[in-house]
Amino acid sequence: MASNAAAALLPLLAAGLAASALGIGLWIWYAAALSRLFPRLGVEGWKGWAPVLNEAEILSQGGKPAWGVVFFFIPVVQLYGLYLKAVAAHRINQRFRRGGGFTLLAIILPPLWATLLAGGRDPIADRSAGSGSSAAGIRTRVTSPRATLARDASGYAIPAAARAEGALIDAVPGGSAPTPVAEPLGAEPGARTPPSQGTPAAAPTPPPAPTPTAGPSGERWALVLDDGSRLPLTAASIVLGRNPVASAGAQALRIPDATRTLSKTHARLERDGSGWTLTDVNSTNGVQTFARDGSVAALAPGVPTPVQGRILLGDVGMLIVLDGVG
């Protein structure tokens, strides 16, 4: 009788050992793949080998709070944790120009997902990290109305309406407002043509009065989406979202959302001196800002953050640009 019971237990024991070996093998594969993927995202590779911490880092890189990893260990609530990981993985996939198939792969077979991203194409460089920027600012010569490109404060080129021939746009890093400076055609940047000898210099022309849609100091700002849509900013406080509601004196700006990731009221833009601040108003899919050094920061709800470059509301990307003065 005892020998029969032992014989019956042997297959179960063998199956248990095989399952354990398979689980350990998959974990080693996953950790090794993450240790190669993380450096491509600007994260230390050793974090890929740390259980729990590696999953928290995936959430953080995808714009979700790292502490959301605790949901993975709560029965039933694990489904919400799985949703957070799917959203985070989808945003990471976008940086590698991958689509929804890779998001599904990140949930079904994470080791293969991490391996393909670690050994595949390079991630998209942050558009807000403009080249040639310096403490003195960025100077961009507009030479032809037919091929005019506006640039935000970090040097990222976006479609814009044509400006006057021979104008220079001075942009100070950190979100300060660029100011058009008229210069003669053919003059070197920063040069000014002195008045003719014997002829008194003409008195400067007073600036025109601000238009009704101009912001503070007569500046006209706009929000340019990644798809080229251009939305004017007509107040010092703007509420952004799928169908936002604003208080008196603020602008409610509806953002077209083909991604279905925007909340009804998602974020708030506010003029702050010569720049702008952005606040996440408890949105579902979060707010991210891109710095000039290439780093991506997920905003904590309710905390105003200076805008340095590109903005991501959910999966909708955009830039703040100066349309003109006066």
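Structure: above.
Below or above, wherever it landed, is the structure these notes cover. (Residues numbered from 1 in each chain as written. Predicted model: local features only at pLDDT ≥ 70, side-chain atom pairs only at ≥ 80, totals over all residues. Heavy atoms only, no water.)

For the rest of this paragraph, the subject is the sheet that holds strand E16 (residues 316-325). One open sheet holds the six strands; their spatial order is E7-E6-E16-E15-E12-E13, and the pairing between them is antiparallel. A single partner strand is all that each edge strand has here, and the edge strands are strand E7 (230-233) and strand E13 (296-298). Across this sheet, the average inter-strand angle for adjacent strands is 30 degrees, counted without regard to direction. (Pairing = 2+ DSSP bridges. Helix = DSSP H or I, 4+ residues; strand = E, 2+ residues; numbered from the N terminus. Axes fitted to C-alpha atoms, helices over the stretch in contact; angles between N-to-C directions.)

What follows covers the sheet that holds strand E11 (residues 275-280). Strand order in this open sheet of five strands is E9-E8-E10-E11-E14, and the pairing throughout is mixed. Two strands in the sheet have a free side with no partner beyond their single neighbour: strand E9 (251-254) and strand E14 (305-306). Direction of pairing for strand E8 (residues 237-241) relative to strand E10 (residues 267-272): antiparallel, over a ladder of four bridges. Looking at E10, one finds that Val239 is bridged to Arg268.

Take the environment of Thr277 next. Following the sequence through the fold, Thr277 ends up in strand E11. Its relative accessible area of 10% is what places Thr277 among the buried residues. Separated by 28 residues in the primary sequence, Thr277 and Thr305 place their C-alpha atoms 5.1 Å from one another. Beyond its immediate chain neighbours, meaning those up to four positions away, Thr277 contacts Arg268, Leu269, Glu270, Asp272, Pro304, Thr305, Pro306 and Val307. (Buried < 20%, exposed > 50% of the residue type's maximum accessible area, 1.4 Å probe, protein only. Contact = heavy atoms within 4.5 Å.)

A few words now on helix H5 (residues 110-119). Inspection of H5 places Pro110, Pro111, Trp113, Ala114, Leu117 and Ala118 among the buried residues, and these make up the whole buried set. Take H5 and look down its axis: the buried residues cluster within an arc of 160 degrees, on one side only. (Arc of directions from axis to C-beta.)

Another point: the pattern of salt bridges. Under the defined criterion, the tally for this structure stands at seven salt bridges. In this structure, Lys47 and Glu57 form a salt bridge, with 3.5 Å as the shortest nitrogen-oxygen distance. You can see Lys47 sitting in the loop between helix H1 (2-37) and helix H2 (53-61) and its partner Glu57 sitting in helix H2, a full 10 residues away along the chain. For the pair shown, Lys47 and Glu57 are each scored as buried. Taken together, the shared-partner salt bridges in this structure form one network comprising Glu44, Lys47 and Glu57. (Salt bridge = Lys/Arg side-chain N within 4 Å of Asp/Glu carboxyl O.)

The next thing to look at is H2. Of all the nine residues making up H2, seven are buried; the element is thus mostly covered by neighbouring parts of the structure. Residues Asn54, Glu55, Ala56, Glu57, Ile58, Leu59 and Gln61 constitute the buried set of H2. Gly63 sits one or two positions beyond H2 and adopts a positive phi of about 85 degrees.

These values are about where atoms sit, not about what they do.
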